[in-house]
Each structure stands twice: as C-alpha cells, then as structure tokens.
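Topology and contacts: notes
Residues per chain, in single letters:
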Amino acid sequence: MLDNKKIVFIGAGAMAEAMISGIVAAQTISPEHIFVTNRTNTSRLKQLQDQYGINGIPNGELQLDQVDVIILAMKPKDAATSLQSIRQIIKPHQLILSVLAGVTTSLIEHLVPAGQQVIRVMPNTSSKIGESATALAKGQHTTKQNLSWAKHLFECIGEVYVIREEQMDIFTGIAGSGPAYFYFLIEHMEKEAVKAGLTKGTVREILAQTLLGAAKMIQEQEESPAILRQNITSPNGTTAAGLLALREYCGGEAITQAVHQASNRSKEISRQLENSIQNMNIPTAIEI
Ligand SMILES: NC(=O)C1=CN([C@@H]2O[C@H](COP(=O)(O)OP(=O)(O)OC[C@H]3O[C@@H](n4cnc5c(N)ncnc54)[C@H](OP(=O)(O)O)[C@@H]3O)[C@@H](O)[C@H]2O)C=CC1
Ligand SMILES: O=C(O)[C@@H]1CCC=N1
C-alpha cells in the first residue's frame, strides 16, 4: 500500500477510468481510499463506484480536505474553471498530479496556491490493463519524496519514465497518443483481412498476436527496428511488396507527421489555456 494516502480524481472520463481500473487491480491503494468526481454526470460516478468499489462523489459533496493527492483528469479546456472552484480550499500538503495533455506545471502552479507541489503526468489508456507507458515531470516545488511516491503509484499501471517538462510534448506525441496510431493501423489491416474472407474475431486475435510479438521483439532483441524489419523482408518477397506500397503512399511521412502534429498540438494547448486564463481575469497564485 502506498502509505495509505487518499486520492481523488477530478474528472471521471476514459483516462480516469483507465487509471482507476489499473490501480484497483494492482491493489496498491485500497478502493475506499480512492474518490472520483466530475462536473455533472452522476450516473457515471455510480457506474465507476459499482464497478471498482471506489467512492463516486458528486462535485458539490466532495470533501477535498479528506484527500492527500488530487489528480486532475478533466479536459485541458476545463482546467481553469475546475481549479478556480477548488483553489481556495486546497491545503499546502496536498500533492497535485495532472494528466492534462499540453498543460505545463508552471501553468497549474499559477492557478493554485503559491508553493503547491505539482507533477505533470502523461499516461495512456493501456493503464487499464497495467501496461501504460507513463511519463512524470516534476514542478518547481515537488519534493523527491513526492516524486518517488507518484512514480510508485504509476508503476502499478505500467512502466514509468521520469523526464524533463520540455520533453513532455514529444512524449505525448509518441506514447500518450501512440496507442491510437497502432489502433488505426489495426483498423486498416482488419478491414482488408475481413474483405479477403477471414472472420473479424479471428483477425482481431491474429493482429493482436502479431503486434504483441513485434512489441516483444523490440523489447527483448538487441537489433534496431530497421534491422528487425529487414530480417522479415525477403528480396522480391511479400514484405518487400508491402513496404514498397507503404513508401509509395508516403506511410513513413504520414507517421512522422502524426507524431509531429500531436506534439505541436500539446504545445498549442498550453498557449490556448494561457490565453483563456488571461481573458477570464483569474487572479494568480501570488494574489491568493
Ligand atoms: N484519453 C487518453 O488517452 C488520455 C487523456 N489524457 C488527458 O486526460 C484528460 C481527460 O481525458 P478523457 O478522460 O479522455 O476525457 P473525458 O472527456 O472522457 O472526461 C472528462 C471528465 O472531466 C469532467 N469534468 C469536466 N469539467 C469538470 C469540472 N469543472 N470539475 C470536475 N470534473 C470536470 C467531465 O465530467 P462531466 O462528464 O460530468 O462533464 C468528465 O468526467 C485530458 O486532459 C487528456 O488530455 C492524458 C493521457 C491519455
Ligand atoms: O488526445 C488527447 O489530447 C489525449 C492526450 C493523449 C491522448 N489523448
């Protein structure tokens, strides 16, 4: 157990559920110590409470002073409003973890009481089955002890990488969004295989095993991805034909652009949030 700390998820969407599911399955925090709230959707809170044995608490009934760790899991556009509604009651000892794509620790530090400890986190939805690749970047006030605690928390939903804040955008581009690119690839491969007569269920199994095998090769073999690819490619064989089509249709460039654009969008989200905060005239941490 992680020191019996109590945690609350503010936001009860897909990402909060993926993390809750992984944390509960890993049994590192007892479900009674996990709270979740959202803006208005109380039936969603009941569903999470029934499914995972945690506490689904409507926004107005949440006693924030009961918890040690606040996990921000709303959309970035809702962050300012949400933080504005709780910042007067945040206690100095409470650790704030944010999974909001693109939102910097300095921006969050600006919206909460001065000196508050903030850690930016980028998990992915494979948290649900304990297989996330999660990055952590500490804010300016985060202690080593709290960074280590957060690392332990996220290790129960996969592998954790402590990186610098400025590396978060590219990490988001490859790992936060990354699963979606692989699903997109699978969707296209599945469509073609079904068209050729295999059943959808069998194709799903075949493609999952193919992806899993390739992932394990990357993990366990020393060769670079380029060499692993060349090992499959017989001269004038089937793979050579497939790869030629990928090149002809600019598959490599499409992937490069996907990562680049996702990473750029992460940077842009912070800029947009900064602008909207200026327009909302929210007083800064210094003025609280
Ligand atoms: N999905 C993913 O793969 C990943 C997502 N993230 C990040 O996770 C965050 C959540 O994403 P996701 O779960 O997909 O989003 P969802 O849209 O599924 O969920 C958003 C949740 O936030 C709640 N919410 C909105 N405003 C408030 C508020 N003021 N107070 C309390 N709760 C509020 C919503 O409540 P209600 O329904 O009642 O409006 C809803 O439960 C995003 O910031 C995203 O960048 C990070 C990594 C991966
Ligand atoms: O699409 C998004 O913005 C979030 C962040 C990473 C994955 N999903």
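Residues numbered from 1 in each chain as written. Chains lettered and ligands numbered in written order. Predicted model: local features only at pLDDT ≥ 70, side-chain atom pairs only at ≥ 80, totals over all residues.

**As for the overall build of the protein**
Each helix and strand counted, the protein has eleven helices and eight strands in total. C-alpha extents for the protein along the principal axes are approximately 70 × 40 × 35 Å. Burial statistics for the protein: of 288 residues in total, 31% are counted as buried. Here the contacts in the protein between residues at least 6 apart in sequence split such that 67% fall between residues at least 24 apart. (Helix = DSSP H or I, 4+ residues; strand = E, 2+ residues; numbered from the N terminus. Buried ≥ 20, exposed ≤ 12 C-beta atoms within 10 Å, placed from the backbone. Contact = placed C-beta atoms within 7 Å.)

**Brief notes about the site of ligand 1**
In the vicinity of ligand 1 there are 28 residues, among which Gly11, Gly13, Met15, Asn38 and Ala101 approach most closely. Listing elements by their share of the shell around ligand 1, those giving two or more residues are helix 1 (14-26) and helix 3 (79-86). With three residues, helix 1 is the single largest residue contributor to the shell around ligand 1. Partitioning the shell around ligand 1 into residue classes produces 13 nonpolar, twelve polar and three charged. (Near = placed C-beta within 6 Å. Nonpolar A, V, L, I, M, F, W, Y, C, P; charged D, E, K, R; others polar.)

**Concerning unusual backbone geometry**
Positive phi values are uncommon outside glycine, yet Asn236 reaches one of about 60°. Inspection of the secondary structure assignment puts Asn236 in the loop between helix 9 (225-232) and helix 10 (238-248). A count of 7 C-beta atoms within 10 Å places Asn236 in the exposed class. Look at Cys250: it is not a glycine, yet its phi comes out positive at around 60°. With respect to the helices, strands and loops of the structure, Cys250 is situated in the loop between helix 10 and helix 11 (251-280).

**A closer look at the sheet that holds strand 1 (residues 7-10)**
What links the strands of a sheet is backbone hydrogen bonding, and the strands pair in either a parallel or an antiparallel sense. The eight strands are arranged 3-2-1-4-5-6-7-8 in an open sheet whose pairing can be described as mixed. What marks the edges here is a single partner per strand, and that holds for strand 3 (55-56) and strand 8 (158-162). Bridge count between strand 4 (residues 69-72) and strand 5 (residues 95-98): four bridges; the pairing is parallel. Opposite Ile70, over in strand 5, you have Ile96 as the bridge partner. Packing of helix 1 onto the sheet brings it into contact with strand 1 and strand 2 (34-37), and relative to strand 2 it is tilted by some 165°. (Pairing = 2+ DSSP bridges. Axes fitted to C-alpha atoms, helices over the stretch in contact; angles between N-to-C directions.)

**Structural notes on the packing of helix 6 (residues 168-176) against helix 11**
Remark: helix 6 packs on helix 11, axes separated minimally by 8 Å, with the N-to-C direction vectors making an angle of 135°. Compared by their axis directions, helix 6 and helix 11 come out oblique. The element helix 6 and its partner helix 11 pack so that their crossing is right-handed. Contacts from Asp169, Ile170, Thr172, Gly173 and Ile174 of helix 6 reach helix 11 at Val259, Ala262, Ser263, Ser266 and Lys267. Looking at side-chain class alone, the contact of helix 6 with helix 11 contains four nonpolar, four polar and two charged residues. (Parallel < 35°, antiparallel > 145°, perpendicular 65-115°, else oblique. Left-handed = near helix turned anticlockwise from the far one by under 90°.)

**Let's talk about the domain arrangement of the protein**
Split into domains, the protein comes out as domain 1 (7-171) and domain 2 (176-261). On a C-alpha basis, the centroid separation for the pair domain 1 and domain 2 is 33 Å. (Domains from an automatic or database assignment.)

**Topic: the UniProt feature "domain: Pyrroline-5-carboxylate reductase catalytic N-terminal" (unreviewed entry) in the protein**
The UniProt entry lists residues 6-102 under the feature "domain: Pyrroline-5-carboxylate reductase catalytic N-terminal" (unreviewed entry), expressed in the numbering used here. Helix makes up 33% of residues 6-102 and strand 19%, whereas the separation of the span's terminal C-alpha atoms amounts to 26 Å. (UniProt positions renumbered as here; feature names shortened; annotations may be inferred.)

**Re the nonpolar core**
The biggest cluster of nonpolar side chains holds 55 residues, and the ones touching the most others in it are Phe9, Ile20, Val36, Ile71, Leu72 and Ala73. With six residues, helix 1 is the largest single contributor of residues to this core. Apart from the residues within four sequence positions on either side, Val36 is in contact with Val8, Phe9, Ala12, Ala16, Ile20, Leu45, Leu48, Ile54 and Gly56. (Core = buried A, V, L, I, M, F, W, Y, C linked by C-beta atoms within 7 Å.)

**Considering the pairing of strand 2**
What you see with strand 2 is no split at all: Ile34 and Val36 on one side and Phe35 and Thr37 on the other are buried throughout. Bridge count for strand 1 against strand 2 is four bridges, and the pairing is parallel. Considered in strand 2, the bridge of Phe9 is made with Val36. At this point the chain moves from strand 1, through helix 1, to the parallel strand 2, and the crossover so formed is right-handed. Summarising the sheet, strand 2 and strand 3 pair through two bridges and their orientation is parallel. Note on strand 3: the bridge partner recorded for Phe35 is Asn55. Once the chain exits strand 2 it traverses helix 2 (residues 42-52) before rejoining the sheet at strand 3, and the crossover so formed is right-handed. (Right-handed = clockwise from strand over helix to strand, strands pointing away.)

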